[in-house]
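Letter by letter, the chains look like this.
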Amino acid sequence: MLRNFLKVTLRNLWRNWSFSTINILGLAIGMAAALLIGLWINNELSYDRFYVNKDRIFQMYSRELTNGSVDVEGRTPSPLAAELKKDYPEVEVSSRFRTVYFLLTEGEKQLNLEGAFADSGILSILDFPLLLGTAKTALNSPHSIVLTQHLAKSLFGDQDPMGKIVRIDSADNFTVTGVLRDLPANTQFTFQYLLPWAYVDKLGWDAIGGTWQYTNSAAFVLLKPDASASEFNTKVRDINKRHVPSGEGAEREIFAYPITRDHLYDRVENGNLVAGRMHTVRFFMLIAVFILVIACINFMNLSTARSERRAREVGIRKVVGALRSSLIAQFIGESILLAVVAFILAIGIVELSLGAFDQIIGIPLSLDLGSPAFWLFASGFVIFTGFLAGSYPALFLSAARPVQVLKGVRTRVNDFINPRKVLVVLQFTFAIILISCTLIVENQLRYARNRDAGYAKDRLAFTFVQGDVLPHYEAIRRDLLASGAVLSVTKTFSPMTRVWGMATGFSWPASTPADKSLYFTQYEADADFVKTTGTRVVDGRDLDLRTFSTDSTAALLNETAVRMMRLDHPVGSIITDAGGIPLHIVGVIKDFIIANPYAPVNPMIIRGLSTGYPVIHFRFNPNRPLTADVAATEKVFRHYNPQYPFECNFVDDIYNAKFRAEQQEGTLGILFAILTIFISCLGLFGLAAYMAESRTREIGIRKVLGASVTGITVLISGDFIKLVVIALVLATPIAWLSMNSWLQGFNYRIHIDGSIFILAGILAVGIALLTVSYQSIRAALANPIKSLRSE
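Note that this is a predicted model, so its numbers are computed, not measured. (Residues numbered from 1 in each chain as written. Predicted model: local features only at pLDDT ≥ 70, side-chain atom pairs only at ≥ 80, totals over all residues. Heavy atoms only, no water.)

1. Observations regarding the overall build of the protein chain
Secondary structure assignment for the protein chain yields 24 helices and 24 strands. Taking all 791 residues of the protein chain together, 50% fall into the buried category. Sequence separation of at least 24 residues holds for 78% of the intrachain contacts in the protein chain that already meet a minimum separation of 6. Carbon together with sulfur atoms contributes 59% to the accessible area of the protein chain, which is approximately 35800 Å² in total. (Helix = DSSP H or I, 4+ residues; strand = E, 2+ residues; numbered from the N terminus. Buried < 20%, exposed > 50% of the residue type's maximum accessible area, 1.4 Å probe, protein only. Contact = heavy atoms within 4.5 Å. Areas by Shrake-Rupley, 256 points an atom, 1.4 Å probe, with all protein chains shown as cover.)

Structure follows, in structure tokens:
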């Protein structure tokens, strides 16, 4: 019996090879798209879930009222980790963690890379596999360093790195005490080496900021197996308040958050961390389902469209005693067999497209074809797809009545409402929803990217101060200007694209006690800040420590700060910082974006100080080739600082990188929207071909009676276009509701107008018209004699 079923199936596939090809190709593309999305989703869901004790690892967070809203951040006071281990029995291991960039030198090799300071317990908490060394002791020595496998090979080649010396920042020697396997892509950590926290103390970097008032490092804890996270959070909530009874940090709360939720539940809402990136994951889960359902609908429609050709087979089988259940099993089996063929083809498509897909998402993904878990999933995936695609055709075909079938009574295909039309409407509803959502995401991304940043990003660059740059700053500045490569230079506390300092406790005439809790983004500059960065002065002047020595206690305010401080005439006003130092305001600048381009601009104060500038900004000359400007600048820096490589960071590149996640999502949305439309049109093409074939005699009669080619084309195409228009009407409110909800997560967002849905409708109708018109015109041009001579 099975052999007979298989033989019939293969004969049907061969006899209708064009429809079989469309069916298999549509299913294969749908399954390939679903697999690609599945690989990406699996990577997202697996973030920081590979640790042995993943359910006991927590990152400590701080929660604090900031300018009227409760803010949450992953930075905590530096002393927190040690006190948690010392005074809280729930904590098994704790560690501080802080990202750092140092120049690593070994012989002639110099690498400027991201690393991290950490306590010795970090490798017991985050159990990244150590290829060499021991996790518990690798960071015990104050001059030990742990390298990743890639960095060890870059520095030492094929030599054994253990015990070798690496020089840090041309200042101190460190001994390699461990080598980590390279960090996986699905982790929040990106360090290339680890240094002991004792080096922070030696550098004196925590002399001021290492108190309970300031949050300047991350803290991780491994709770004991029997510890309750909720009870632990209750105990530690007010730990900061006990150390800081008043002033900055007095109202700060501390809580532990599972490391497994850090990546997906990262959005702050009313002082809590809620689903952020998880919404994106759910959105792409929905896209995968949409694409797979659309591919299955193709299968259903083409299978039921060919029902007349299979109806006699069903009738004869029923006459000779076949049960409906056995017919359903036969047709389900056929669809599963097709799904198997489609899945094999889908694996090939995935393997061929993974390289391009990896470039889009920026993460290396792969199909683990040697994993039993993959084949277990694949089996379930194929059976589910085959069953979903074949369920309706099986029920439809097995319901045929033998008497009617064998008498030659035809199934009516032009009913006002029939399941086939419903499926086409459903298919294009999904496609139009996806097109509309993709257009809205792209518009929101373009809106945020084109938002006025408040300064001129083009040809603005910076480099971090290292080695002998600061002592030779005036000579470097003079030579840069003399070279003609740059138009202006300024020293700053931090890059234009990052917030390195927040401050509170400021007071001014007419301020209230509540104003002392107002948080300012704190920035510092020496001179030519406005000229170099392209910010705009709206009142007063720029800072200029070279001309005015008193500008060491001067400051600029942005417009938001002036508004929140309620200053009518800010220039000339005196404000006092938390340390009691009076600052005189010399100017007001227009708001500019320094951090999140989607968030409101914080009040900002730019102070003039003469020491401690770790960043130098410079504006390249637009009248010269950029490559020549960069080369001339590098020559100057290398002359005065030969021990360090020159690294030029372009502000516009870093600013655009802030949109990378949304850009990737938008690109994926466009890609899968195109695939959705292609799969839909593939099925529509096959369905139009079959409909044209089934109406051959009708078309012949109409032509004999005088119908024009245009009239017949409109007649056939119109039936499908009506279905697409109905799909547009159904899809529009669904897409509007879902995307309006998504946009609420942005402070700066577009307004959804009807033009987006009109464009989506025009695209869908236009593509559908192009798809069916070929078959319609072909049918209309056919010679009626051939179709009517047998009558």
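Now that the structure is up, let's keep going.
2. Things to note about the pattern of salt bridges
This structure, assessed with the given rule, holds 26 salt bridges. Here Lys153 and Asp158 are joined by a salt bridge, their closest N and O atoms 2.6 Å apart. What makes Lys153 partly exposed here is its relative accessible area of 49%. Residue classification places Asp158 among the exposed residues on the basis of a relative accessible area of 73%. (Salt bridge = Lys/Arg side-chain N within 4 Å of Asp/Glu carboxyl O.)

3. Comments concerning the environment of Val588
In this fold, Val588 is placed in strand S21 (residues 582-589). For Val588, a relative accessible area of 5% translates into the label buried. Through-space distance from the C-alpha of Val588 to that of Ile606 is 9.8 Å; in sequence the pair is 18 residues apart. Apart from residues lying up to four places away in sequence, Val588 is in contact with Arg536, Val537, Val538, Asp539, Leu557, Asn558, Glu559, Val562, Pro570 and Val571.

4. Focus: the packing of aromatic side chains
Counted under the stated rule, the structure contains 40 aromatic pairs. Aromatic pair Phe377 and Phe381: ring centres 5.6 Å apart, planes at 15°, arrangement stacked. Of the two residues, Phe377 and Phe381 both sit in helix H12 (residues 372-398), four residues apart, roughly one turn of that helix. Given a relative accessible area of 11%, Phe381 falls into the buried group. Where Phe493 meets Trp500, the ring centres are 6.2 Å apart and the plane angle is 90°; that geometry is what we call edge-to-face. For the cation-ring pair, Arg451 lies above Tyr748, with the distance from its terminal atom to the ring centre recorded as 3.6 Å. (Phe/Tyr/Trp six-rings, centres within 6.5 Å; stacked < 30°, edge-to-face > 60°. Lys NZ or Arg CZ within 6 Å of the ring centre and 35° of its normal.)

5. Quick word on the pairing of strand S19 (residues 554-558)
Of all five residues making up S19, five are buried, and the element is well covered by its neighbours. In S19, alternate side chains face the same way, and those of Ala554, Leu556 and Asn558 on one face and Ala555 and Leu557 on the other are all buried. Where S19 and S21 come together, five bridges link them in parallel fashion. By the bridge assignment for S21, Ala555 is matched with Ile585. By the bridge criterion, three bridges tie S19 to strand S22 (residues 604-608) in an arrangement that is antiparallel. Its bridge partner lying in S22, Ala555 is registered against Arg607. (Pairing = 2+ DSSP bridges.)

6. Here we look at the packing of helix H15 (residues 473-483) against helix H18 (residues 626-640)
Helix packing geometry: the angle between the two helix axes and the distance between the axes. Here H15 crosses H18 at 155°, and the two axes come no closer than 10 Å. Considering the angle they form, H15 stands roughly antiparallel to H18. Seen from above, H15 lies across H18 with right-handed handedness. Across the interface between the two elements, Ala475, Ile476, Arg478, Asp479 and Leu480 from H15 touch Thr633, Val636, Phe637 and Tyr640 from H18. The class makeup of the residues in the contact of H15 with H18 is six nonpolar, one polar and two charged. (Axes fitted to C-alpha atoms, helices over the stretch in contact; angles between N-to-C directions. Parallel < 35°, antiparallel > 145°, perpendicular 65-115°, else oblique. Left-handed = near helix turned anticlockwise from the far one by under 90°. Nonpolar A, V, L, I, M, F, W, Y, C, P; charged D, E, K, R; others polar.)

Take it as geometry only, folks, not as evidence of what the structure does.
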